[in-house]
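As a plain string of letters, each chain reads:
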Amino acid sequence: MLTLDNMDRARVDRLGALTAHVVEHALASGLAWDEAILAFGIAARAMAMKASDQGAGTPEQCAAQAERRLKSGMTQSADVLRAWLD
């Protein structure tokens, strides 16, 4: 089950829906699964730089936060995606 900190159910639902969307597009991209994972890392870096540009912190702070969030995401169960992928 997806248990992201103390997030409310609506936020967890939005995360699950976005994750399912990303997974579906990654699988349809023609990339190998590990190449798609690389793309997620690049996308995380790009989002961190955009967040920094918008005042969320220095590029280094935002990149570090992105890395922490990616690692946190890897600790979550993927079982929650069944609701969106079925």
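Residues numbered from 1 in each chain as written. Predicted model: local features only at pLDDT ≥ 70, side-chain atom pairs only at ≥ 80, totals over all residues. Heavy atoms only, no water.

What about the packing of helix H2 (residues 33-53) against helix H3 (residues 59-74)?
Their axes nearest at 8 Å, the elements H2 and H3 cross at an angle of 140 degrees. Comparing their axes, H3 and H2 come out oblique. Helix-helix and strand crossings are classified by hand; for H2 and H3 the assignment is right-handed. Between H2 and H3, the contacting residues are Gly41, Ala44, Arg45, Ala48, Met49, Ala51 and Ser52 on the first element and Pro59, Cys62, Ala63, Ala66 and Leu70 on the second. Here the contact of H2 with H3 is built from residues that sort into nine nonpolar, two polar and one charged. (Axes fitted to C-alpha atoms, helices over the stretch in contact; angles between N-to-C directions. Helix = DSSP H or I, 4+ residues; strand = E, 2+ residues; numbered from the N terminus. Parallel < 35°, antiparallel > 145°, perpendicular 65-115°, else oblique. Left-handed = near helix turned anticlockwise from the far one by under 90°. Contact = heavy atoms within 4.5 Å. Nonpolar A, V, L, I, M, F, W, Y, C, P; charged D, E, K, R; others polar.)

Remarks on the environment of Phe40
As for its position among the elements, Phe40 is in helix H2. Expressed as a C-alpha distance, the spacing of Phe40 and Leu70, which sit 30 residues apart in the sequence, is 9.0 Å. Contacts of Phe40, omitting those with residues within four sequence positions, involve Val22 and Ala26.

Regarding the pattern of salt bridges
Considering all chains together, one arrives at two salt bridges under this definition. Close ionic contact of Asp13 with Arg9 constitutes a salt bridge, the shortest N to O distance being 3.2 Å. One end of the pair, Asp13, and the other, Arg9, are both in helix H1 (residues 9-28), four residues apart, so they sit about a helical turn from each other. A salt bridge links Lys71 to Glu67; the shortest N-O distance between them is 3.2 Å. (Salt bridge = Lys/Arg side-chain N within 4 Å of Asp/Glu carboxyl O.)

Structural notes on H2
Compared with an ideal rise of 1.5 Å per residue, which puts 21 residues at 30 Å, H2 spans 30 Å between its outermost C-alpha atoms and is within 8% of the ideal. Two residues or fewer after H2 comes Gly55, characterised by a positive phi angle close to 95 degrees. (Expected span 1.5 Å × (residues − 1).)

All we've got here are geometric facts, nothing functional implied.
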